[in-house]
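Breakdown of the fold
Chain residues, written in single-letter form:
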Amino acid sequence: MAERAHEVPAKYGAVTHIFHPRMRSYARRVEASLPGTITLVAAIMFLAYKRPALPYIILVSLIAFFAALQLYSVLKPTMIVLTDSHVLRARVFGWHAVERSAIDHTIFVEKLYAKKAYGQDLKGMVAKIRYRSFPSLWAIDSQAKPLLRLDGRVWDGKTMREVSAQLSEQTSLYKAANVVDIDRQHAGLISFGERHPGWKSAAIISISAAVVILLAVVSLLPEETAHAIHLY
């Protein structure tokens, strides 16, 4: 799992710059990790206090493993590494590498709003809470194909500016924009999840809630029912 600069394969050359997200951006990652955390804790508590039969141990252990993997993918240390020839972004396994010579220019949005904020009044405290924005950075090639993206849910705007300055002398800067506008002006930059918001987070929350409720129900089963389904 790529977490340290010395793990960069030698074929990409010597490391010249290293970037990490600033700590203040970590709160958004903690928020995103809550469903996985709750599921993992529920699975561990079930195994520890109920001590079920082997088939149930395997099943719940698998649930705990995938919950832990989701949790790690959100909270794991991440970094951007530059060499003379490449820019590399750490992934859960290995690196996403892009040749710097392929980068034509960068696009930086200081405040990128979700689709639900499109056409809404964004002034006032209530709007700021309801329609939160995140910075976003893309590196694209001469054909406007996205090669690399830094997401504001993980990365902060200041670090994005520093990375952008290293990658290209030409940057298209937007002070504020909605994903709808960016998708119209730069096709291919906005992900499916951003064009169709809610499905991923709703799916994760629904699955996590279903697992937690199921474990709670099984934990409260009468002894005779538990033995009937060979829980112990």
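Residues numbered from 1 in each chain as written. Predicted model: local features only at pLDDT ≥ 70, side-chain atom pairs only at ≥ 80, totals over all residues. Heavy atoms only, no water.

**Quick look at a nonpolar patch on the surface**
Our working definition: The residues that make up patches have over 30% relative accessible area and no salt bridge, and they are joined within 9 Å when like-charged or within 5 Å when they are Val, Leu, Ile, Met, Phe, Trp or Tyr. What sets the accessible areas is the Shrake-Rupley method with a 1.4 Å probe; for residues, cover comes only from the shown protein chains. A pair is scored as a salt bridge if a Lys or Arg side-chain nitrogen falls within 4 Å of a carboxyl oxygen belonging to Asp or Glu. Put simply, DSSP H or I for four residues or longer makes a helix, DSSP E for two residues or longer makes a strand, and each gets a number counted from the N terminus.
A cluster of nonpolar side chains, contributed by Leu54, Ile57, Ile58, Leu62, Phe65, Phe66, Leu69 and Phe93, occupies part of the molecular surface with about 800 Å² of accessible area. Here leucine 54 shows up in helix H3 (residues 54-75).

**Some remarks on the packing of helix H2 (residues 34-50) against H3**
Packed helices, taken two at a time, are described by the angle their axes make and the gap between the axes. To keep things clear, this is the line we draw: To get an axis, fit a line to the C-alpha atoms, keeping to the stretch in contact for a helix; angles then go from 0 to 180 degrees between the N-to-C directions. Reported orientations rely on four angle classes, namely roughly parallel under 35 degrees, roughly antiparallel over 145, roughly perpendicular from 65 to 115, and oblique for the rest. When the near helix sits turned anticlockwise from the far one by under a right angle, the crossing is termed left-handed; a clockwise turn instead gives a right-handed crossing. Note on contacts: a residue pair qualifies if any of its non-hydrogen atoms lie within 4.5 Å across the two residues.
The geometry of H2 relative to H3 is characterised by a closest axis approach of 8 Å and an angle of 150° between their N-to-C directions. As judged from the angle between their axes, H2 and H3 are roughly antiparallel. Judged by the twist between their axes, the crossing of H2 over H3 is left-handed. Residues Gly36, Thr37, Thr39, Leu40, Ala43, Phe46 and Leu47 of H2 form the contact with H3, whose own contacting residues are Ile57, Val60, Ser61, Ile63, Ala64, Ala67, Ala68, Gln70 and Leu71.

**Quick look at the pattern of salt bridges**
Counted only if it meets this: Burial classes: relative accessible area under 20% of the type maximum marks a residue as buried, over 50% as exposed, and values in between as partly exposed (1.4 Å probe, protein chains only).
Taken as a whole and assessed by the stated rule, the structure comprises two salt bridges. One salt bridge connects glutamate 110 with arginine 161, and the closest N-O pair in it is separated by 3.6 Å. Remark: arginine 161 occurs in helix H5 (residues 157-167) and glutamate 110 occurs in strand S5 (residues 105-113); sequence separation between them is 51 residues. Residue classification places glutamate 110 among the partly exposed positions, given a relative accessible area of 22%.

**Notes on the sheet that holds strand S3 (residues 86-90)**
Stated formally: By this definition, two strands are paired if DSSP reports at least two bridges between them.
Taken in spatial order, the four strands of this open sheet run S1-S2-S3-S4, and their pairing is antiparallel. Lying at the two open borders of the sheet, with one neighbouring strand each, are strand S1 (15-19) and strand S4 (95-99). In this sheet, adjacent strand axes meet at a mean angle of 20° when their direction is disregarded. Sheet analysis places strand S2 (residues 80-83) next to S3, joined by three bridges and oriented antiparallel. Each residue of the ladder has a partner; that of leucine 82, found in S3, is valine 87. Helix-sheet contacts for H5 involve S1, S2 and S3, and the interaxial angle to S1 is about 155°.

**With respect to the pairing of S3**
Counting buried residues in S3 gives four out of five residues, a clear majority hidden from the surface. As consecutive antiparallel partners, S2 and S3 are separated by two residues. Of the pairings in the sheet, the one linking S3 to S4 comprises five bridges and is antiparallel in character. Following the sheet pairing, arginine 89 is matched in S4 by histidine 96. Following S3, the chain reverses through four residues before pairing antiparallel with S4; glycine 94 in that reversal takes a positive phi of roughly 80°.

**Observations regarding the packing of aromatic side chains**
Worth spelling out the cut-off: Pairing of aromatic rings covers Phe, Tyr and the six-membered ring of Trp, with a centre-to-centre limit of 6.5 Å; geometry is then stacked below 30 degrees between planes, edge-to-face above 60, and tilted otherwise.
Applying the stated criterion across every chain, the model contains one aromatic pair. Aromatic side chains phenylalanine 65 and phenylalanine 66 sit 5.3 Å apart centroid to centroid with 75° between the ring planes, which places their arrangement in the edge-to-face category.

**Examining unusual backbone geometry**
Positive phi, close to 65°, is recorded for alanine 144, a residue that is not glycine. Along the chain, the position of alanine 144 falls in the loop between strand S6 (133-140) and strand S7 (146-151).

**Examining the environment of glycine 152**
Its location among the elements puts glycine 152 in the loop between S7 and H5. C-alpha separation for the pair glycine 152 and serine 133, spaced 19 residues apart in sequence, amounts to 8.5 Å.

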